[in-house]
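This is what each chain is made of:
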Amino acid sequence: MRFELFDFQEAALALLREKVLMARTHASSQNPQAISFSAPTGSGKTVMMAALFEDILFGAVGLPAQPDAAILWVSDMPELNEQTRRRINQVSERIGVHRLVTIDAGFDQEQLEPGAIHFINIQKLGQDKRLTKQGDGRTWQIWATFTNTAKAIPDRFYLVIDEAHRGMTGGKLAKEAQSLVQRFLLGHPESGLIPMPLVIGVSATPKRFTDLLEHAPHTLHKVGVPVSDVRASGLLKDRIPIHHPKVAGHSEMSLLEEAAQAWVRMSQAWDAYCAAEQEQRVWPVLVVQVENGTEQKVSRTDLGVALDVIEKAIGRSLLEGEAVHAMHDCGDMDFGGRRLRRVDASRIDEDKGIGVVFFKTSLSTGWDCPRAEVMMSFRRAEDHTYIAQLLGRMVRTPLARRIERDAALNDVHLFVPYFDDAAVKTVVEDLKNVEHAPPTETGSSRELVTLDRRADAAGIFEAMGGLVTYRVNAARAQSHLRRYLGLARRLNLDEIEPAAWAVAKDQVVDWLSTELAGLQTAGIFDKLVDGLTRVRITTTTVQTGGDTEGEFVSPVREYEIDASDADIERQFAEAGQRLGNGLHQTYWDANGDRDALDVKVEVIVLARNHDVMGRLELKAERAFDTVYDRHKQAIGKLKEKERGRYERLRLAIAKPVEVEWRLPERIEFRRTEDAPSYERHLYLEDDGSFRADLGTWERELLAEELADPDVVGWLRNLDRKPWSLEIPYQTGGEVRPMFPDLLIVRKDGAGDAGSYRFDILEPHDPSLADNFEKALGLARFAEQHGHLFHRIQLIRKQGSKAGGERFLRLELNSEAVRKQVLPLTANPQLDAAFGQSAT
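Remember, predicted model here, so these are calculated numbers, not experimental data. Position numbers for residues count from 1 along each chain, tracking the sequence in the order it is written. Thresholds applied to this predicted model are a pLDDT of at least 70 for local features of residues and 80 or more for the giving and counting of side-chain atom pairs; totals over whole chains, interfaces and linings are not thresholded and use all residues. Hydrogens and water are ignored here; the side-chain numbers use all heavy atoms of the structure.

Caption draft 1: Region of interest: the sheet that holds strand β14 (residues 372–377). The nine strands are arranged β11-β12-β10-β13-β9-β14-β15-β8-β16 in an open sheet whose pairing can be described as mixed. Two strands bound the open sheet, and with one partner strand each, they are β11 (333–335) and β16 (441–444). The mean angle between the axes of side-by-side strands here comes to 25°, regardless of whether they run parallel or antiparallel. At least two DSSP bridges between two strands are required for those strands to pair. The helix count covers DSSP runs of H or I at least four residues long, the strand count covers runs of E at least two residues long, and both are numbered beginning at the N terminus. As defined by bridge partners, strand β9 (residues 285–289) adjoins strand β13 (residues 356–359) across four bridges and the pair is classed as parallel. Each residue of the ladder has a partner; that of L286, found in β13, is V356. Fitted lines through C-alpha atoms serve as axes, helices being fitted only where they are in contact, and the angles separating the N-to-C directions of these axes extend from 0 to 180 degrees.

The following block contains the structure:
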């Protein structure tokens, strides 16, 4: 693949390989198999499928190659097929364009071409279409082509139904069987089509596909991508603020003007970010959805006035070709000398000169435009479902990653003049439907706000640069060999240590040579080699005829033959996949003066030996830590994108990772419109206020803290944000993250001017089962990092003898208290510790 997959995509791909191997092993016309692959909108389903096709055709660990496999991709739109074909060609290194075949009306073959991916849309399969007819020079109906392929190679003919939830609704089974898509699953004797033996349904929600399979003969295998994984990846925008008037209607052009100004602000913010980070420029798009037309007008929305309003808002005339439309019922249009060019929806993203797009209803399917940052809709509230579907196509991030520096760039804005509060709530509910919408936070722009660093808090943020946090299960775990070689490659590419890649590979070759010598010294190497290079054959005779027919006779002959070169080559390639980064070839090259077969066998033996691989992993982990520590200052000076690559490598292990706590310039925040205001917060809204919906305990505890004049700042720590303060704790045998509610900042009266002390406060309900486990997590954190903080407290509310309630604080940054807490194994013991040591 030309692009590095996200962790959740790698995990899904590994599951897909496993299910494909299982399914194709059993696939036949009598025992058809189906795989339901469900992933939320915006998760990159086409990219994951392209990676799977590479693995099918060229092989991967645990999935032998099928170079003669035939793949058929079926969708319900020709434009969607074309976009998919282009995307596969764009992301795949190994699937050339010659393997991507569009089936058109002239297609006439007995079977589908081996080693190719074929594309067809359902409309071409109607009874009145040339593909389904015989005669007039056509030898093979398309249904016969599919059946012939399925019978000839049932374990290598993959039918992929794109967006499997489409075209599968209906009444009774008899009616469903007439659906063109359903024919592939249920068979269709009238056209000679058998049930396809190996089907993959690709969809955001697989329910309709799996429901249909209840009536089909297929064995079902399921692969799903968790919504939370997609949300955490940064592949999608974090939020969709919806801008709307208090009273719907009569303000449409005012909101269009505001939308155009938002487009300008987003353009300026992207320009500033890309310049600072030396990134490729992002060209934001304003998408304007207009009303349907009449017999006299293309739209009831006055497009000329809309263009005037946009030009007024941006303070300049639109450039030639900057404004276009994607309406199918008309061509280019002219408004007061301004040409509004017509473009195909699938071409919008690649044309960087396009800044404004007018459309009606043509963009919800077959269109992805990560540059679409702002949308204005003239549609009425009754069109809320369609608007939700459209937003599902707009939330992919332009750089395919979350922006840490400026949270505002992780938003996509929707302006709806004909929606009141109730209608907006309906859109929000629609956006929770993952069939049409992505897993993105949505709400009124009056609730979804962006906060900036407090202007007078620069010294506080500078002092916080020395604090640490943890990241727990933040990246998919990789082998330490892959992490170490990945780190070395990055250091080489970023010119931090140009020789790192070569040095690391040479070091691994030395490790392999040492392990080889160890196996030889132990006297087990030759035995392992013999098991690889010699194949033991046993001949067994079966008695035929007479009363003993069918009975087995004891083996009469045993002998050995040499393993074929093809088997050795296959195992050598599998060893390379286990080691990663072409290390098998590196070892082979380093021993080029020796017999090639002997060297390959050595690699196979070493890669298959569990103890050897375990020792290599330990060495690679130590080497990674050593090399990273040597260069971490240089890595910290890199731009955000490059730093992110190193961070993913650091986090790609199964245990919590300590990292420097970096707080961004801007953060996103959600609060109700009438939330109360609090002073001295470290991040503020545009009007200089901070408003939040705090719980009763948090609110009362904060009041106690702010009563101290030495408190100069505080932070509401949010759960699971890229910038959150995160502390690991163990529960139920696994490690999870906790997010203490409050960070308090005090002036350090004993220190220099401008020095600060930081407190971690976690108010926690004592009735919860995880109390003692979180206390242990905080105590272990304090044991390691207490010198960086003043107070680290677990807090609960309790009745006092004087009447009323008060907060009890267990100070885990006290050595004496930690000695009490660390041995705890149950909540009653923690209650006793509170009774004895809390203040």
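Caption draft 2: Layout of unusual backbone geometry. At A400, a residue that is not glycine, the phi angle is positive and equals roughly 60°. Mapping A400 onto the fold places it in the loop between α11 (384–391) and β15 (413–415). Buried, partly exposed and exposed residues are distinguished by accessible area as a fraction of the type maximum, computed with a 1.4 Å probe on protein chains only: under 20%, between the cut-offs, and over 50%, respectively. The partly exposed category is assigned to A400, whose relative accessible area is 34%. For R680, which is not a glycine, the phi torsion comes out positive at approximately 70°. With respect to the secondary-structure elements, R680 resides in the loop between β22 (666–670) and β23 (683–684). Classification of R680 as partly exposed rests on a relative accessible area of 23%.

Caption draft 3: Fine view of the sheet that holds strand β29 (residues 791–799). Read across the open sheet, the five strands follow the order β24-β27-β28-β29-β30; overall the sheet is mixed. Edge strands, defined here as strands with exactly one partner in the open sheet, are β24 (711–716) and β30 (805–811). Here the strands of the sheet are splayed against their neighbours by 30° on average, with no regard to which way each runs. Of the strand pairs in this sheet, β24 and strand β27 (residues 742–747) are connected by five bridges, and their pairing is antiparallel.

Caption draft 4: Examining helix α3 (residues 78–91) more closely. Multiply 1.5 Å by the residue count of a helix minus one, and that product is the helix's expected span. Along its 14 residues, α3 runs 20 Å from first to last C-alpha, staying within 8% of the 20 Å computed at 1.5 Å per residue. For α3, the complete set of buried residues consists of L80, N81, Q83, T84, R85, I88 and V91. We call two residues in contact when some of their heavy atoms are within 4.5 Å. Looking at the packing, one finds that the buried side of α3 touches α2 (45–58), β2 (70–75), β3 (100–102), β4 (117–121) and β5 (157–162).

Caption draft 5: Main features of the pattern of salt bridges. When a carboxyl oxygen of Asp or Glu is within 4 Å of a side-chain nitrogen of Lys or Arg, the pair counts as a salt bridge. In this structure the tally under the stated criterion is 65 salt bridges. Across the pair E322 and R316 runs a salt bridge whose closest N-O atoms are separated by 2.8 Å. Where E685 meets R671, a salt bridge forms, and the shortest distance between an N and an O atom there is 2.9 Å. You can see E685 sitting in the loop between β23 and α22 (696–706) and its partner R671 sitting in the loop between β22 and β23, a full 14 residues away along the chain. Taken individually, E685 and R671 each receive the classification buried, so the pair is uniform in this respect. Here the residues in one salt-bridge network are E704, E705, D708, R746, D759, R791 and R809, joined through shared partners.

Caption draft 6: Broad picture of the packing of helix α14 (residues 480–493) against helix α21 (residues 640–651). The N-to-C vectors of α14 and α21 enclose an angle of 165°; their axes lie 10 Å apart at closest approach. Here α14 lies roughly antiparallel to α21, going by the angle between them. Remark: the crossing between α14 and α21 carries left-handed chirality. Here R483, G486, L487, R490 and L491 of α14 lie close against α21, whose contacting residues are R645, Y646, L649 and R650. Broken down by class, the residue content of the contact of α14 with α21 amounts to four nonpolar, one polar and four charged. Working definition: roughly parallel below 35 degrees, roughly antiparallel above 145 degrees, roughly perpendicular at 65 to 115 degrees, and oblique for all remaining angles. Crossing handedness: left-handed means the near helix sits turned counterclockwise from the far one by under a right angle, and right-handed means the same turn made clockwise. Residue polarity follows a fixed list, in which Ala, Val, Leu, Ile, Met, Phe, Trp, Tyr, Cys and Pro are nonpolar, Asp, Glu, Lys and Arg are charged, and the others, Gly among them, are polar.

Caption draft 7: Up close: the packing of helix α17 (residues 565–579) against helix α19 (residues 596–608). Where α17 meets α19, the axes come as close as 9 Å, and the angle between the chain directions of the two elements is 45°. The angle between α17 and α19 places the two elements in the oblique class. You can see that α17 and α19 cross each other, and the crossing is left-handed. Counting all contacts with α17, which are made through I568, E569, Q571, F572, A575, R578 and L579, the residues of α19 involved are L597, K600, V601, V603, I604, A607 and R608. Partitioning the contact of α17 with α19 into residue classes produces nine nonpolar, one polar and four charged.

Caption draft 8: Layout of helix α25 (residues 827–837). Buried within α25 we find N827, L830, A833 and F834. The buried side chains of α25 occupy one side of the element, clustering within an arc of 105° when seen end-on. The exposed residues of α25 that point more than 90 degrees off its buried face are P828, G835 and Q836. Looking at the buried positions of α25, the neighbouring elements they touch are α23 (771–785), β29, β30 and α24 (815–821). Note that the arc is defined by the directions from the helix axis to the C-beta atoms.

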